[in-house]
Amino acid sequence: MENLISKQDFLVWQPNYPEITETDPFYWELANKLAEKAKETSIYQELPVGVIKRMSLCLTGYMQDVISDAGIWRSFVEANRKLYGWSVPFHETPEEYIDYELNREDVRFLVWYAIAMGYEDKRDIYPHDPKLLELADVWFAYLESIYEEAPVPETYNLSRGLDFNDQEDSKDIYRLGQWLFLHCYLLTPAFSMTLGEIMSDPELRKQENLPMLHERLEQSMMQDPTGPLALFISEWLYLILNGKLLKHNEEKVEIHPYYTRFTQATGGKTVEFFDTYEALNKFFIEKLGWEAGEEHLPMMKGERDFVLMVNKYKGMLAARNVARCIASPDNPYYDKDYAEKHAFDLLTVRGLCPGDLLRMIFENDWLPDARFPETEDTKLVKENRDFIARCYLQQFYVGD
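Residues numbered from 1 in each chain as written. Predicted model: local features only at pLDDT ≥ 70, side-chain atom pairs only at ≥ 80, totals over all residues. Heavy atoms only, no water.

Caption draft 1: Inspection of the overall build of the protein at higher detail. Along the backbone of the protein there are 17 helices and 3 strands. In terms of C-alpha radius of gyration, the protein reaches 23 Å, essentially the compact-globule figure of 21 Å for 400 residues. With respect to the principal axes defined by its C-alpha atoms, the protein has extents near 75 × 50 × 45 Å. Buried residues in the protein amount to 51% of all 400 residues. Here the contacts in the protein between residues at least 6 apart in sequence split such that 66% fall between residues at least 24 apart. Of the accessible surface of the protein, which amounts to about 19,400 Å², a share of 47% is contributed by carbon and sulfur atoms. Of the side-chain charges in the protein, 42 are positive and 69 negative, and the distance between the mean point of each set is 4 Å. (Helix = DSSP H or I, 4+ residues; strand = E, 2+ residues; numbered from the N terminus. Rg over C-alpha atoms; globule rule 2.2 N^0.38 Å. Buried < 20%, exposed > 50% of the residue type's maximum accessible area, 1.4 Å probe, protein only. Contact = heavy atoms within 4.5 Å. Areas by Shrake-Rupley, 256 points an atom, 1.4 Å probe, with all protein chains shown as cover. Lys, Arg positive; Asp, Glu negative; His and termini not counted. Charge placed at Lys NZ, Arg CZ, Asp CG, Glu CD.)

Here it is as structure tokens:
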């Protein structure tokens, strides 16, 4: 069998890179075997070679994790249970589901995740797509067949013995954080779009600017969430090392002046809808007292379907091209036919709908029409909508 995945391709995903361990050949061969077995499935011709390679490496990383009990998948499952009450997104777990070991539902989720996060043409692929499930089941069958013989990759578990609060462990914890952010099978795929935006800067791609690129990636690691749950790297580290979600102390702040002014103008409502820019601008002038004769927020001129929302402590936000999707009883512009085609975009298109507004929409169940494209399955989206928004939107959902 000709290796589709080179040894270098495999090694850069390993926590011990550039060192080579005695178990690396087994898992390098496993990654290539998965890539080869993908040819047996009907979805193979629809996926570029690069996507097949990344998917194979993702599932190989999962196998290394559960064999060594590295704690990455364990942490993801436990976080899902605390946040949502289920183990794996999109899939009910049967009685034979075994915590933190190889499971069919895990593989099905990871195949979806690797495709959706790694291939723009199938970014909105349905998690229950028959072709996707076919590939996942072929891979699961193979992984199950070698599960008992798979060697334990001891160096895969960088977290063993580390204390999140121990200063003496800080260097090792930082190294673990770097690997999790840039090379981990579970966290890194969700970072691919942000990485693409960073790499699209032609200046950063120049050889002489490599230090600038490294600095930009370092900045992203410190500031941007990542992984399917869009947690910050400090939160992932705390979760993996302590088995708990990191709690944040909420700062007490004063009520924003816009909140008082907005709710006074609307009779207590915190959301308003507008069909045109002209109507939006009129509200600013006549209701909020902004300067007359001016075109406020001129960057929105020419757009439509606006939503204004005010937050008690953060102030006011504006969104455009989303009002027709929102089934609020106070929204005269809600259009069910339009929403059936476009509501899902609010959960997946970065920058379209601000995170605070999207959370309010979820809380009030104002997005009943959202579905994966070319399906009628609104139930799956409703049950997983916070997860979907976290996974696709990343910092645009949790970073505000």
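Caption draft 2: Region of the structure containing a nonpolar patch on the surface. A cluster of nonpolar side chains, Val-253, Ile-255 and Tyr-313, forms an exposed patch at the surface whose accessible area comes to about 280 Å². Relative to the helices and strands, Val-253 is located in the loop between α10 (233-242) and α11 (257-266). Residue Val-253 is classed as partly exposed on the basis of its relative accessible area, which comes to 45%. (Patch = residues over 30% accessible without salt bridge, like charges linked within 9 Å, V, L, I, M, F, W, Y side chains within 5 Å. Salt bridge = Lys/Arg side-chain N within 4 Å of Asp/Glu carboxyl O.)

Caption draft 3: Local environment of the pattern of salt bridges. Inspection of every chain in the model, using the stated rule, returns 24 salt bridges. Notably, a salt bridge pairs Arg-81 with Glu-78, separated by 3.2 Å at the nearest N-O pair. Taken together, the residues span about one helical turn, with Arg-81 and Glu-78 both in helix α4 (residues 72-83) at a distance of 3 residues. Exposure remark for Glu-78: the relative accessible area of 22% places this residue in the partly exposed category. Across the salt bridge formed by Glu-383 and Lys-379, the nearest N and O atoms sit 2.6 Å from each other. A residue pair is termed a helical-turn pair when its members lie 3 or 4 positions apart in one helix, as Glu-383 and Lys-379 do in helix α16 (residues 378-393) at 4 residues. The class of Glu-383 is partly exposed, set by a relative accessible area of 45%. Owing to a relative accessible area of 52%, Lys-379 belongs among the exposed residues under this scheme.

Caption draft 4: Just the packing of aromatic side chains, in detail. For the structure shown, the criterion picks out 25 aromatic pairs. Seen from their ring centres, Phe-90 and Phe-387 are 5.8 Å apart, and the 80° between their planes marks the pair as edge-to-face. With Phe-90 in the loop between α4 and α5 (104-118) and Phe-387 in helix α16, this residue pair connects regions lying 297 residues apart in the sequence. Across this residue pair, the class does not change: Phe-90 and Phe-387 are buried. (Phe/Tyr/Trp six-rings, centres within 6.5 Å; stacked < 30°, edge-to-face > 60°.)

Caption draft 5: Molecular detail of helix α9 (residues 210-223). Its 14 residues place the ends of α9 20 Å apart at the C-alpha level, agreeing with the 20 Å of an ideal helix rising 1.5 Å per residue. Looking only at α9, the buried set comprises Leu-213, Leu-217, Ser-220 and Met-221. Seen end-on, α9 carries its buried residues on one side only, within an arc spanning 100°. With respect to the buried face of α9, the exposed residues turned more than 90 degrees away are Pro-211, Glu-215 and Gln-223. Buried residues along α9 sit in contact with α7 (170-183), α8 (192-199) and α10. (Expected span 1.5 Å × (residues − 1). Arc of directions from axis to C-beta.)

Caption draft 6: Local environment of α11. Those residues of α11 that sit buried are Phe-262, Thr-263 and Thr-266. Seen along its axis, α11 keeps its buried residues to an arc of 95°; they face one direction. Relative to its buried face, α11 has exposed residues pointing more than 90 degrees away, namely Pro-257 and Gln-264. Positive phi appears at Gly-267, one or two residues downstream of α11, with a value of about 75°.

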